[in-house]
Protein chains: 2
Amino acid sequence: MEHAVVMAGGSGTRFWPESRACRSKQFLDLTGSGPMIRETLLRLFPVVPPEQVWVVAGRKDAPHLSPRALGIPGANVLLEPQGKNTAPAVAYAVACIARRDPDAVVLAAPADHAIGNVPRFRAVIRKGLRLARETGRFVTLGVPPTHPATGYGYIERGKPFPGRVKGAFEVARFTEKPDLVTARRFLRTGRFDWNSGLFLFRADLFADRLARFLPEIDREIGKAFRGGRKGFDRRLRDAYRRMPSISVDYGILEKEKGILVLPANVGWSDLGTWRSLHEFLGSRGGNLVFGDVVLADCRDTFVRTDGGVVAVLGMDGVVVVRSGDAVLVCPRSRSEEVKRLAEEVRRRYPLLA
Amino acid sequence: MEHAVVMAGGSGTRFWPESRACRSKQFLDLTGSGPMIRETLLRLFPVVPPEQVWVVAGRKDAPHLSPRALGIPGANVLLEPQGKNTAPAVAYAVACIARRDPDAVVLAAPADHAIGNVPRFRAVIRKGLRLARETGRFVTLGVPPTHPATGYGYIERGKPFPGRVKGAFEVARFTEKPDLVTARRFLRTGRFDWNSGLFLFRADLFADRLARFLPEIDREIGKAFRGGRKGFDRRLRDAYRRMPSISVDYGILEKEKGILVLPANVGWSDLGTWRSLHEFLGSRGGNLVFGDVVLADCRDTFVRTDGGVVAVLGMDGVVVVRSGDAVLVCPRSRSEEVKRLAEEVRRRYPLLA
């Protein structure tokens with residue numbers, strides 16, 4: 001059967017001041033249609049029924065993870081004792097899935113992305129699940145790039161992959177986030193897609209590769225699951241303390257041969273920064289405001305307030321966000337750096353950030 | 001005897017969001033050393049004793065005008081039923097002063113300016129009071145300009161004025177706020193001073209010129225004062241309803257011959273805008289912050305918050321002010337326009353502005 005693992009362990013400090021230590025990005029309502037994680041789940045339910053959808057998140061985020069609000073069974077909400085990147089998270093979820101359904105095929109997806117074309121997205125996911133089942137390979141979703149973004153990793157397509165499911169390619173290579181010159185070159189070749197961070201696999205394949213490439217994680221998760229319900233929390237805590245912090249990309253996919261990429265022209269955005277949110281929601285060069293805002297003579301400006309009024313005059317390409325007791329002002333083009341700024345705020349004003 | 005009239009009727013919407021409908025500029029603590037009006041009074045007390053200092057302000061500002069906080073007798077706080085610019089305000093104060101002290105010589109000063117060199121300021125005021133008494137002329141304080149400001153009126157100096165009090169000049173003419181080209185020309189001639197809005201006169205001179213140039217105001221104030229304490233408030237209200245709204249500059253000084261100007265190199269600033277406050281308090285091109293603020297890679301930026309934290313990244317020449325439930329962001333160079341922006345905010349969010 002098909003399962004989905006939604007990875008909701010991130011913190012998203014680049015959305016400070018909206019995202020705080022006690023409220024991570026995936027639990028924010030950034031687009032105005034509900035918390036991101038809920039949108040992600042609602043997008044999946046027609047493809048993967050709620051009983052087969054799993055959420056992995058940090059224990060500190062438990063207040064945001066009411067199964068009733070998420071629409072999935074309580075047993076499918078997996079709380080990690082601490083964050084150790086995606087490899088332990090997916091390993092934990094796959095262990096749960098495999099015990100219930102050894103033949104499972106799994107979609108792993110971040111909780112915090114946005115999709116412009118949902119029907120087409122669902123069609124791609126269905127195709128990807130079929131492809132992963134039939135080939136027994138890892139399948140990644142590649143997004144045809146619209147501009148030479150430097151904030152994403154890229155996947156280079158190799159040969160078209162023959163088979164019953166059409167449209168897939170062999171992965172020639174994964175790349176790190178490129179500089180602008182490299183990104184432009186990628187686009188000119190026509191062979192590169194953005195790495196969406198969504199990938200699909202059979203549970204038995206993942207288990208096998210985990211044991212081969214990340215034996216420490218395999219061993220620790222295995223130990224936690226041996227011995228039944230009693231003491232599981234303590235054993236899991238011990239396992240997380242001992243496991244390395246590593247991503248699936250780095251720990252498994254970069255070492256694996258024969259990975260496939262399925263191009264997914266679905267209006268994907270990782271919504272990684274205020275700028276990408278502005279671009280996902282707004283028209284090019286236009287202003288976008290949420291809340292009680294007065295703009296005068298502004299261009300390409302994004303303003304968001306959850307209380308009081310924000311008045312902005314004569315600014316071009318600027319982000320202004322007021323959330324609770326904090327205010328952020330920065331150029332759109334530097335919204336990547338908000339992460340560092342938020343860390344500085346946290347250091348200097350631990351009670352306010 | 002010497003008296004001072006501090007004109008505190010203005011509203012100062014250019015300091016929005018710090019200044020609000022219910023809290024005018026002269027009652028703000030903009031410089032960090034107390035409300036402006038209090039600084040203005042403390043500056044004067046060594047020259048003009050508190051019993052001879054008068055404050056004229058709007059009735060709506062009464063909550064900010066506790067005589068104990070101001071340090072002057074309750075009878076010296078004159079509340080206007082409505083704002084009608086400076087001519088009625090000074091006429092009202094001079095009528096009070098003349099009844100107590102017909103030989104008075106008076107300094108009229110706005111409540112909302114700043115002085116960098118207070119000892120020198122006091123020396124100039126003493127000199128100006130002597131000059132006004134001995135010559136029986138109006139004396140204005142002219143500020144040697146430091147740059148071609150377009151936000152101030154200018155006074156052109158004529159011939160040096162002979163007499164026992166040295167350093168005064170005849171006024172050749174008053175000018176409106178010039179454009180930049182004109183302001184530059186003014187500076188090149190070396191004959192122009194900024195009009196500080198401070199002026200001095202004998203009470204009998206003012207009474208005479210009021211009767212001559214603004215007979216309506218003279219008549220109405222006269223009627224209010226005839227008939228004693230009983231019914232005074234009502235008569236004053238009627239007088240204010242009927243008087244024209246006009247400044248002393250426009251209604252009297254521009255029509256008067258023989259006005260003198262005393263150059264006052266005292267570090268005067270009208271603190272008319274966020275920009276001029278920044279310039280008065282800060283070093284050229286530097287950042288200036290009040291409150292819990294984190295700046296990263298900013299230049300020439302002014303940030304002020306009365307609560308919560310404000311984080312600003314990568315901005316140049318920008319003003320960010322958070323006050324209560326409102327936030328303002330604009331380029332320093334456009335802080336004159338905040339007045340219009342505040343009016344727009346008031347129109348759209350009457351409860352928030």
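Higher on the page you've got the structure.
All values derive from a computational prediction rather than experimental measurement.

It is worth spelling out the overall build of chain A at this point. Along its length, chain A carries 11 helices and 17 strands. Taken over the C-alpha trace, chain A has a radius of gyration of 21 Å; the compact-globule value for 353 residues is 20 Å, and the two agree within 12%. Relative to its 353 residues, chain A shows a buried fraction of 55%. Taking the contacts inside chain A whose residues are at least 6 apart along the sequence as the reference set, 66% of them involve residues at least 24 apart. Counting every atom, chain A has about 14,800 Å² of accessible surface; 51% of that belongs to carbon and sulfur. With 56 positive and 38 negative side-chain charges, chain A shows a spacing of 3 Å between the two charge centroids.

We now examine helix H1 (residues 36–44) of chain A. All names here are of chain A. Buried within H1 are the following residues: Met36, Ile37, Thr40, Leu41, Arg43 and Leu44. One side of H1 carries all its buried residues, which in axial view fall inside an arc of 160°. Contacts from the buried residues of H1 go to strand E1 (2–8), strand E2 (53–58), helix H2 (67–70), strand E4 (105–110), strand E5 (114–115) and helix H4 (118–135).

So, on to the environment of histidine 147 of chain B. Residue and element names in this part refer to chain B. Within the element layout of this structure, histidine 147 appears in the loop between strand E6 (139–143) and strand E7 (154–160). On the accessibility criterion, histidine 147 (34% relative accessible area) is partly exposed. For the pair histidine 147 and alanine 183, spaced 36 residues apart in sequence, the C-alpha to C-alpha distance is 8.5 Å. Residues contacting histidine 147, with those up to four places away along its chain left out, are Tyr154, Leu187 and Trp194.

The angle between the axes and the distance between the axes are what describe a pair of packed helices. Residue and element names in this part refer to chain B. Between helix H1 (residues 36–44) and helix H4 (residues 118–135), the shortest axis-to-axis distance is 10 Å and the interhelical angle comes to 65°. On H4, the residues touching Leu42, Arg43 and Leu44 of H1 are Val118, Phe121 and Arg122. For the contact of H1 with H4, the residue count by class is 4 nonpolar, no polar and 2 charged.

Another point: the packing of aromatic side chains. Residue and element names in this part refer to chain B. Overall, the coordinates contain 30 aromatic pairs over all chains when judged by the stated rule. In this structure, arginine 43 packs its charged tip against the face of phenylalanine 121, placed 5.8 Å from the ring centre. We note arginine 304 situated over the ring of phenylalanine 290; from NZ or CZ to the ring centre the distance is 4.8 Å.

With that out of the way, let us pick up the sheet that holds strand E16 (residues 318–323) of chain A. Read across the open sheet, the 6 strands follow the order E12(A)-E14(A)-E16(A)-E17(A)-E15(B)-E13(B); overall the sheet is mixed. Each having just a single partner strand, strand E12 (288–290) of chain A together with strand E13 (293–296) of chain B make up the two edges of the open sheet. When the angles between neighbouring strand axes are averaged without regard to direction, this sheet yields 5°. Where strand E17 (residues 326–331) of chain A and strand E15 (residues 309–313) of chain B come together, 4 bridges link them in parallel fashion. Across the sheet, alanine 326 of chain A pairs through a bridge with valine 309 of chain B, a residue of E15 of chain B. Against the sheet, helix H10 (residues 274–281) of chain A touches E12, strand E14 (302–305), E16 and E17 of chain A, its axis set at about 100° to E14 of chain A.

The extent of an interface is frequently quoted as the accessible surface area lost upon association of the parts. Each partner contributes to the interface: chain B provides 36 residues, whereas chain A provides 36 residues. Summing the contributions of chain B and of chain A, the shared interface buries around 2,800 Å²; its carbon and sulfur component is 68%. Between aspartate 297 of chain B and arginine 334 of chain A there is a salt bridge, with its nearest N and O atoms 2.8 Å apart. Taken together, chain B and chain A are joined by 18 residue pairs in polar contact (both at pLDDT 80 or more). Elements with a contribution of two residues or more to the side of chain B that touches chain A: E13, E15, strand E16 (318–323), strand E17 (326–331) and helix H11 (338–348) of chain B.

With that settled, the discussion passes to the packing of helix H7 (residues 215–225) of chain B against helix H8 (residues 232–242) of chain B. Residues and elements named next belong to chain B. Interhelical geometry of H7 versus H8 gives an angle of 170° and a closest axis separation of 8 Å. In terms of orientation, H7 lies roughly antiparallel with respect to H8. Facing Glu216, Glu220, Lys223, Ala224 and Phe225 of H7, the residues of H8 in contact are Phe232, Arg235, Leu236, Ala239 and Arg242. Looking at the contact of H7 with H8 residue by residue, the class counts come to 5 nonpolar, no polar and 5 charged.

Before going further, it helps to spend a moment on the side chain of aspartate 61 of chain B. Turning to its location among the elements, aspartate 61 of chain B is positioned in the loop between strand E2 (53–58) and helix H2 (67–70). Other than its neighbours up to four places away in sequence, aspartate 61 of chain B contacts Ala8, Ser24, Gln26 and Phe27 of chain B.

About the cut-offs
- Residues numbered from 1 in each chain as written.
- Chains lettered and ligands numbered in written order.
- Predicted model: local features only at pLDDT ≥ 70, side-chain atom pairs only at ≥ 80, totals over all residues.
- Heavy atoms only, no water.
- Helix = DSSP H or I, 4+ residues; strand = E, 2+ residues; numbered from the N terminus.
- Rg over C-alpha atoms; globule rule 2.2 N^0.38 Å.
- Buried < 20%, exposed > 50% of the residue type's maximum accessible area, 1.4 Å probe, protein only.
- Contact = heavy atoms within 4.5 Å.
- Areas by Shrake-Rupley, 256 points an atom, 1.4 Å probe, with all protein chains shown as cover.
- Lys, Arg positive; Asp, Glu negative; His and termini not counted.
- Charge placed at Lys NZ, Arg CZ, Asp CG, Glu CD.
- Arc of directions from axis to C-beta.
- Axes fitted to C-alpha atoms, helices over the stretch in contact; angles between N-to-C directions.
- Nonpolar A, V, L, I, M, F, W, Y, C, P; charged D, E, K, R; others polar.
- Phe/Tyr/Trp six-rings, centres within 6.5 Å; stacked < 30°, edge-to-face > 60°.
- Lys NZ or Arg CZ within 6 Å of the ring centre and 35° of its normal.
- Pairing = 2+ DSSP bridges.
- Buried area = accessible area lost by both parts, 1.4 Å probe.
- Salt bridge = Lys/Arg side-chain N within 4 Å of Asp/Glu carboxyl O.
- Polar contact = N/O pair within 3.5 Å; in protein donor to acceptor, adjacent residues only side chain to side chain.
- Parallel < 35°, antiparallel > 145°, perpendicular 65-115°, else oblique.

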